[in-house]
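Commentary on secondary and tertiary structure
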Amino acid sequence: MESPTLADWVGDVESFAGRQWQREPAVFTPETLASPLDLDELDAAFDGGLLRTPYLEMVRSDKVVVPPGAYTTSRVVNGTTHHGFADRAKVVALLHAGATLLLRCVDQWHRPTGDLVARLSEEIGRHVEAFFFVTPAGGQGLAVHRDDADVFVLQVAGRKTWYVHSAPTVADWSLGELPDDEHSPRLLHSVLEPGNVLYVPRGFAHRAVGAAGLSAHLSLTIRDISLQDLRTALEQRLTEGLDLPARPLGEAAIADACATLLSHVRAKLDTIEPEDLRLAARAAQARRPVATTRAETFAETARNWETGEPGAKRAGLTSVSRTWRRLRDAARTAH
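Residues numbered from 1 in each chain as written. Predicted model: local features only at pLDDT ≥ 70, side-chain atom pairs only at ≥ 80, totals over all residues. Heavy atoms only, no water.

**A word on the nonpolar core**
Our working definition: By convention a nonpolar core is built from buried Ala, Val, Leu, Ile, Met, Phe, Trp, Tyr and Cys residues, the set being connected through side-chain atoms within 4.5 Å. A 1.4 Å probe rolled over the protein chains alone gives each residue an accessible area, and that area as a share of the maximum for its type sets the label: buried under 20%, exposed over 50%, partly exposed in between. Here a residue-residue contact requires only that any non-hydrogen atoms of the pair lie within 4.5 Å.
Trp-9, Met-58, Leu-101, Phe-132, Phe-152 and Leu-220 are the most contacted members of the largest nonpolar core, which totals 40 residues. Contact partners of Leu-220, with chain neighbours within four places excluded, come to Trp-9, Leu-116, Val-117, Leu-120, Val-128, Glu-129, Ala-130, Asp-150, Val-151, Phe-152 and Leu-154. Counting ten residues, the second-largest nonpolar core is a separate cluster that includes Trp-162, Leu-198, Val-200 and Ala-208.

Spelled out as structure tokens, the structure:
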């Protein structure tokens with residue numbers, strides 16, 4: 001199944017960009033919404049036996065820290081004990097006790113989600129990550145907080161009540177949980193049903209509470225450029241074409257490197273416009289890997305092996321095989 005586009009969720013993209021994008025929260029009801037990850041897929045991930053920390057975490061909004069040992073188990077592999085494997089029975093027990101299951105960076109270990117993230121990232125030119133939340137009715141995984149990202153929420157199962165508050169009032173705003181005395185104006189109060197899509201602009205405070213059933217949603221976080229991204233882009237632009245030794249020897253060489261570097265930067269700085277810097281930072285962000293490159297499957301490898309393709313790989317392995325046979329035959333002759 002082909003991954004959806006932004007238009008599949010919000011309808012008219014131009015209207016969304018002009019009205020809601022980074023301006024106000026909104027709820028959409030697409031004609032169809034097929035989340036790549038649902039509770040059946042989650043069960044399959046647990047059944048696979050390889051899901052482990054730090055990809056899963058149990059969280060609560062009431063300042064209670066859930067230790068990893070409360071929802072994971074250990075295994076002995078080749079005589080060595082390894083910790084942090086997901087234990088479904090423990091996770092379900094904690095869900096019943098009011099905790100929320102948080103799955104991090106789903107795009108890294110669930111290929112359909114990775115495909116969706118890659119498509120969305122390419123479409124909007126931003127770095128995208130995926131998180132999955134499973135919350136019991138009445139449960140709240142995170143307190144009111146601000147994210148350094150625009151967020152699309154795809155409601156998968158159950159019902160969840162969302163509260164979205166206004167944007168930061170100061171330029172130097174902080175990420176994460178807000179102080180107890182924070183009272184930002186509320187802009188949206190909505191109960192999401194399966195199939196709904198919620199958009200939360202970057203920096204807008206929000207929280208979610210399970211409303212009915214076992215609520216599950218996929219969060220797609222869209223990262224925008226930060227001051228550090230701009231600094232990195234500026235450094236790269238200022239040092240383009242600069243040919244200096246990485247480790248100058250002696251004070252004289254260091255002094256020459258300083259003079260050359262400053263002269264080069266001064267000349268470069270006059271040629272860089274604010275828009276150039278913004279575009280360079282955005283381009284660098286878009287180049288971040290969002291999904292692993294598709295590798296040849298084992299089934300394809302087996303078929304290619306039989307037909308002799310791909311040639312270079314087959315030839316290399318054939319050479320190893322011939323060498324092994326030659327050494328084996330020589331050993332037999334010696335005996």
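**Observations regarding the packing of aromatic side chains**
Just so we agree on the cut-off: Centre distance within 6.5 Å is the pairing criterion for rings of Phe, Tyr and Trp, where only the six-membered ring of Trp is used; planes under 30 degrees apart are then read as stacked, over 60 as edge-to-face, and the remainder as tilted. Secondary structure is summarised from DSSP: a helix means a run of H or I of at least four residues, a strand means a run of E of at least two, and numbering begins at the N terminus for each. Two thresholds decide whether a charge sits over a ring: the Lys NZ or Arg CZ must be within 6 Å of the ring centre and within 35 degrees of the ring normal.
Taken as a whole and assessed by the stated rule, the structure comprises eight aromatic pairs. Relative to Phe-152, the ring of Trp-9 lies with its centre 5.6 Å away and its plane at 50 degrees, an arrangement referred to as tilted. Of this pair, Trp-9 sits in helix H1 (residues 6–10) while Phe-152 sits in strand E8 (residues 149–165), placing them 143 residues apart in sequence. Each member of the pair, Trp-9 as well as Phe-152, is classed as buried. When the ring of Phe-16 is compared with that of Phe-152, the centres are 5.9 Å apart and the planes differ by 40 degrees; the resulting orientation is tilted. Residue Phe-16 is found in helix H2 (residues 13–19), and its partner Phe-152 is found in strand E8; the two are separated by 136 residues along the sequence. Overall, the relative accessible area of 1% leaves Phe-152 in the buried class. Here a set of aromatic residues connected by ring pairs shows up, and it is made of Trp-9, Phe-16, Trp-21, Phe-28, Phe-152 and Tyr-199. Residue placement shows Arg-52 over the ring face of Phe-85; its charged tip is 4.5 Å from the ring centre. Its end group placed over the ring of Phe-85, Arg-75 keeps NZ or CZ at 4.2 Å from the ring centre.

**What to know about the pattern of salt bridges**
What counts, and what does not: We define a salt bridge as a side-chain nitrogen of Lys or Arg found within 4 Å of a carboxyl oxygen belonging to Asp or Glu.
Summed over the entire model, instances satisfying the criterion amount to eleven salt bridges. Arg-104 is paired through a salt bridge with Glu-57; the nearest N and O atoms lie 2.9 Å apart. On the criterion of sequence distance, the pair formed by Arg-104 in the loop between strand E5 (100–103) and helix H5 (111–124) and Glu-57 in strand E2 (residues 56–59) is long-range, its members being 47 residues apart. Glu-57 gets classed as partly exposed once you look at its relative accessible area, which sits at 26%.

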